[in-house]
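Secondary and tertiary structure notes
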Amino acid sequence: MTAMRALLGITMALAFGWSTALAQSGDNGFPSTAAAGAAPKASAAAAPKRPPEVVAAKTLFGAVKQAAPTPPSAIGGYAGGCLAGARALPIDGRAWQAMRLSRNRNWGHPELVRWVEGFAVAAQKEDGWPGLLVGDLSQPRGGPMLTGHASHQIGLDADIWLTPMPARRLSYEEREEMSAVSMLAENKLEVDPQRWDAARARIIKRAATSPQVERIFVHPAIKKALCESASSMGPDRSWLSKVRAYWGHHYHFHVRLGCPNDSASCKPQPPPPGDDGCGAELASWLKLISAPPKPPGPPKPPARPMTLDNLPAECRVVLETGISRGVVKSSAGGPTAAPAQQK
């Protein structure tokens, strides 16, 4: 806390290094280098005041390379929080390989990492699945991401590809460039029988029957296939209530764990509806997909980025812990340690 108080007393300035390129481009709320460094004209009498700089939380969290050296805790909600004491999923395991390594999103709450490791081994041993290709978990300190997900912020979400792991170690380049395979038929209302099979259904059922799992998100066509084949996997259909239809998710399934016992500030979701989700809810999703596209409306103004002020107060501490130097302005104007150099 002494180090953090010292950081908060530093004069506000943009950190060099990680923020230089952003400052030059003016992207993500930073002023451009030209604007920041331009000398005011002598004749400019009463220039209008510029609005305060808005530093997007995704810029701050996206620059951190290591976890906060604290006890583990998932803080806030799945789409509005951060992660303390994260653990990295090893990029290679007995029954998994991590993908898209350049994103540095193979971090999670220790319970999530243990779950992925155990699930991978069980799916291989019990279901004959060759092994998992694991997509995004979270960033080292969670928080909003520069690209992609709205959730995955508190270290309890994991994307698992529906493409099986090959029987060899993938190179770094292959993990960056290899495409995940969509399970959809051309009409997007059904799965492609040449790609979708009972093995994929079994591993999703295995994930859904885990007590730690609170939700699984799949494309509506995959949900439809699971509803139709559930009886072939046993009389119990209760696991289907955890598997919810959602946009995307046709080349991977998204696993979400519930709040761990060590995370008092974690905001749980309401429990899923009691039904199996194979009735009116699924029908409404399929109707949305089959509806003709709406004509484009007028362009909407860009949404204001999420800032540190929109996240739980603990996330500021998570972001600053272990930072040795450099500060950036928070959206409220106070100094916040820049995560460019950490111990």
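This section reports on the structure supplied with the text. (Residues numbered from 1 in each chain as written. Predicted model: local features only at pLDDT ≥ 70, side-chain atom pairs only at ≥ 80, totals over all residues. Heavy atoms only, no water.)

**What about unusual backbone geometry?**
Keep in mind that most residues, glycine aside, have a negative phi and that most peptide bonds are trans. Located in the positive-phi region is Arg100, a residue other than glycine, with phi close to 50°. Considering the arrangement of structural elements, one finds Arg100 in the loop between strand S4 (96-98) and strand S5 (107-108). Here the phi dihedral of Asn104 falls at roughly 55°; this positive angle occurs in a residue that is not glycine. Mapped onto the fold, Asn104 is located in the loop between S4 and S5. (Helix = DSSP H or I, 4+ residues; strand = E, 2+ residues; numbered from the N terminus.)

**A look at the state of the cysteines**
Across all of its chains, the model carries three disulfides by this definition. Put simply, Cys82 and Cys315 are joined by a disulfide, and their sulfur atoms are 2.1 Å apart. A torsion of -95° about the S-S bond marks the disulfide between Cys82 and Cys315 as left-handed. You can see Cys82 sitting in strand S2 (residues 80-84) and its partner Cys315 sitting in helix H10 (residues 314-320), a full 233 residues away along the chain. Here Cys227 pairs with Cys278 through a disulfide, and the sulfurs are 2.0 Å apart. The chirality of the disulfide connecting Cys227 with Cys278 is left-handed, given an S-S dihedral of about -85°. (Disulfide = S-S within 2.5 Å.)

**Examining the side chain of Arg244**
Summarising the element assignment, Arg244 is placed in strand S9 (residues 243-245). Among the residues examined, Arg244 registers a relative accessible area of 6% and is labelled buried. (Buried < 20%, exposed > 50% of the residue type's maximum accessible area, 1.4 Å probe, protein only.)

**Here we look at the side chain of Arg175**
Inspection of the secondary structure puts Arg175 in helix H6 (residues 172-177). Take Arg175: its relative accessible area is 1%, and that puts it in the buried class.

**As for the nonpolar core**
Membership of the largest hydrophobic core comes to 45 residues, with the highest contact counts inside it found for Trp196, Ile204, Ile216 and Phe253. Counting only elements with at least two residues in this core, the list comes to helix H5 (110-127), strand S6 (132-134), strand S7 (157-161), helix H7 (198-208), strand S8 (213-218), helix H8 (220-229) and strand S10 (252-257). The element contributing the most residues to this core is H5, with seven residues. Residues within four places of Ile204 in sequence aside, it is in contact with Leu162, Trp196, Ile216, Val218, Ile222, Leu226, Val243 and Phe253. If you look at the next biggest cluster of nonpolar residues, it comprises 14 residues, including Phe61, Cys82, Leu308 and Cys315. (Core = buried A, V, L, I, M, F, W, Y, C linked by side-chain atoms within 4.5 Å. Contact = heavy atoms within 4.5 Å.)

**Section: the pattern of salt bridges**
With the rule as written, the count across this model stands at 15 salt bridges. The salt bridge involving Asp92 is made with Arg175; its shortest N-O contact spans 2.5 Å. Of this pair, Asp92 sits in the loop between strand S3 (87-88) and S4 while Arg175 is found in helix H6, placing the two residues 83 residues apart along the sequence. Since its relative accessible area comes to 30%, Asp92 is described here as partly exposed. Ionic contacts of the salt-bridge type, sharing partners, join the residues Asp92, Arg169 and Arg175 into one network. (Salt bridge = Lys/Arg side-chain N within 4 Å of Asp/Glu carboxyl O.)

**Quick word on a nonpolar patch on the surface**
A cluster of nonpolar side chains, contributed by Tyr246, Trp247 and Leu288, occupies part of the molecular surface with about 340 Å² of accessible area. With respect to the secondary-structure elements, Tyr246 resides in the loop between S9 and S10. Overall, the relative accessible area of 42% leaves Tyr246 in the partly exposed class. (Patch = residues over 30% accessible without salt bridge, like charges linked within 9 Å, V, L, I, M, F, W, Y side chains within 5 Å. Areas by Shrake-Rupley, 256 points an atom, 1.4 Å probe, with all protein chains shown as cover.)

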